[in-house]
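Breakdown of the fold
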Amino acid sequence: MTGNVSGTFRVKRGLAEMMKGGVIMDVVTPEQARIAEDAGACAVMALERVPADIRRDGGVARMSDPEMIEGIKSAVSIPVMAKARIGHFVEAQILQSLGVDFVDESEVLTPADETHHIDKFGFDVPFVCGATNLGEALRRISEGAAMIRSKGEAGTGNIVEAVRHLRNIIGDMRKITQADSAELFEWAKRLQAPLPLVQEIAETGWLPVPLFCAGGIATPADAALAMQLGAEAVFVGSGIFKSDDPAPRAKAIVEATTHFRDPEILAKVSRGLGAPMTGIGMDEINQRYAERGW
Amino acid sequence: MNAVERSKVTVGVLALQGAFSAHEHALRRVGVSTRQVRLPRDLNGVDGLAMPGGESTTMSQLLESSGLFGEISRRIESGMHVLGTCAGVILLARTILDGRADQKSFGALPITVRRNAYGRQIDSFETNLDVAGLSEPFTAVFIRAPIIESLDGDVEVLASHDSQPVVVAHGNVVGVTFHPELTDDSRLHGLFVNRIINSLETNRR
């Protein structure tokens, strides 16, 4: 096996690239993982409680039990992701040793460090991190994240925050492509982000890693909205297994993510899915997960 | 000799799920036009088709629901050139090991592939390979890649890694188990486009 190099940024970013156009579904049991794979999920997120339940239960939310993660890993052939707390690099070490395919350094869990995120270059496993704006996204990339997702507001079934975050991130990228070279210094300062990454956006028009949507997707139309806004794939957390009839809804969201520009197909797959998760308005919640991380 | 200009060639990229935009960039770098293919009508006028990496189980289901499966099958049989990378190789293989029971395949490449055969993502890697027809080595990025366990017919091996074939060709089908679309090196896409152009020129004569 001479000359094989693992854990390079290209190898890590490569798996994120493979998930584009797909749906990553939160699952809490091997049965749910199989339903997700059957429906066409491109990956699953293994966790003990979906965000809606974490929100309801309160308390400290931590990395899931390795046994539960192993159970989900052996149930499906698609990639398995799992969440570590912000800054909790030991949880990330454990997840890497379990052979998890992607680690989500997630604001849905209770942060372990209020100042530092994980140094993600120190790992062979790729990381995804949430962001509410472009500066946050670039700081996470400078720490080694191989994928960025909107934070949205997990567990609400309400897409409004994810839309805000995608518009923040993509809108600022659009403006940066119009800026002249002197203005890029000001952009880097304002975003509190490394200048080379800002200059790269000016040149390419996009982040150096894929940008996915997470936090509040509950319907096929929500998934298509995220994709039309510019997200390259979607995470669905509580939206599937907190709905009346998860399997057909999961399949419909997969179809909608692929055919996101085709209203006829979107109408067809949205029919007769039963009730989506009830969802909550932003004025009804007392803890905004999106405010965790910096 | 009627030379076919690259700019007049359109290569479809299967855009159901996976790394399709990276393939579009690589194909445009070698001078052809590209089109995303999600429905059968998107295939009209394409001279070849690239099947990207991604999840083969996901693509298999979407091929069925979109009606693309039958249409692509017919076109491969009548000579359309196809490039499959990673999951694309699985979709093209005649025999799939460790796949889902309901997983669809075009069966156009007489090979046996095993899914995720190198292990999980932490076992993914990059390495330099010699490829037949290319003068300098190619940086090959393997992401949860399949392994071609056997050649079950008249298959040309263009590159191997650890004595296993990783770039293979059979008639109008080219299979690559790694991801040439993840580097800035478009030479493999160039080889694929040359095969398309050779056929177009032969048909014109």
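Right, let's walk through the structure included here. What you see is a predicted model, and the numbers here were worked out from it, not measured in a lab.

Moving on, we get to the sheet that holds strand β4 (residues 81-85) of chain B. Residue and element names in this part refer to chain B. Strand order in the open sheet formed by 7 strands is β2-β1-β3-β4-β12-β11-β10, and the pairing between neighbours is mixed. Of all strands in the sheet, those with a lone pairing partner are β2 (33-37) and β10 (156-161), marking the two edges. The sheet shows a mean angle of 20° between the axes of neighbouring strands, direction not considered. Sheet strands in contact with helix α5 (residues 187-204) are β1 (10-14), β3 (48-51), β4, β10, β11 (164-170) and β12 (173-176), and its direction is about 165° off that of β4.

A few words now on helix α1 (residues 9-18) of chain A. Counting buried residues along α1 of chain A, 7 of its 10 residues qualify, which places the element largely inside the surrounding structure. For α1 of chain A, the full list of buried residues reads Val 11, Lys 12, Gly 14, Leu 15, Ala 16, Glu 17 and Met 18 of chain A.

Right, let's talk about unusual backbone geometry for a bit. All names here are of chain B. The backbone of Cys 86 shows a phi angle near 55°, a positive value even though the residue is not glycine. Within the secondary structure, Cys 86 is located in the loop between β4 and α4 (87-92). With a phi angle near 50°, Asp 162 is a residue other than glycine that sits in the positive phi range. Relative to the helices and strands, Asp 162 resides in the loop between β10 and β11.

Taken together, the contact pairs 44 residues of chain A with 39 residues of chain B. Between chain A and chain B, the buried area comes to about 3,200 Å², and carbon and sulfur atoms account for 51% of it. For the chain A face of the interface with chain B, the top three residues by lost area are Arg 10, Val 11 and Met 18 of chain A, together amounting to 21%. Applying the counting criterion to the chain A and chain B interface returns 6 salt bridges. We note a salt bridge from Asp 38 of chain A to Arg 100 of chain B, for which the minimum N-O separation is 2.7 Å. Joining chain A to chain B, the criterion identifies 27 residue pairs in polar contact (both at pLDDT 80 or more). Of all the secondary-structure elements, those providing two or more residues to the side of chain A that touches chain B are β1 (5-6), α1, α2 (30-39) and α12 (246-258) of chain A. Sort the elements by how many residues they give to the side of chain A that touches chain B and α1 of chain A lands first, with 7 residues.

About the thresholds
Residues numbered from 1 in each chain as written. Chains lettered and ligands numbered in written order. Predicted model: local features only at pLDDT ≥ 70, side-chain atom pairs only at ≥ 80, totals over all residues. Heavy atoms only, no water. Pairing = 2+ DSSP bridges. Helix = DSSP H or I, 4+ residues; strand = E, 2+ residues; numbered from the N terminus. Axes fitted to C-alpha atoms, helices over the stretch in contact; angles between N-to-C directions. Contact = heavy atoms within 4.5 Å. Buried < 20%, exposed > 50% of the residue type's maximum accessible area, 1.4 Å probe, protein only. Buried area = accessible area lost by both parts, 1.4 Å probe. Salt bridge = Lys/Arg side-chain N within 4 Å of Asp/Glu carboxyl O. Polar contact = N/O pair within 3.5 Å; in protein donor to acceptor, adjacent residues only side chain to side chain.

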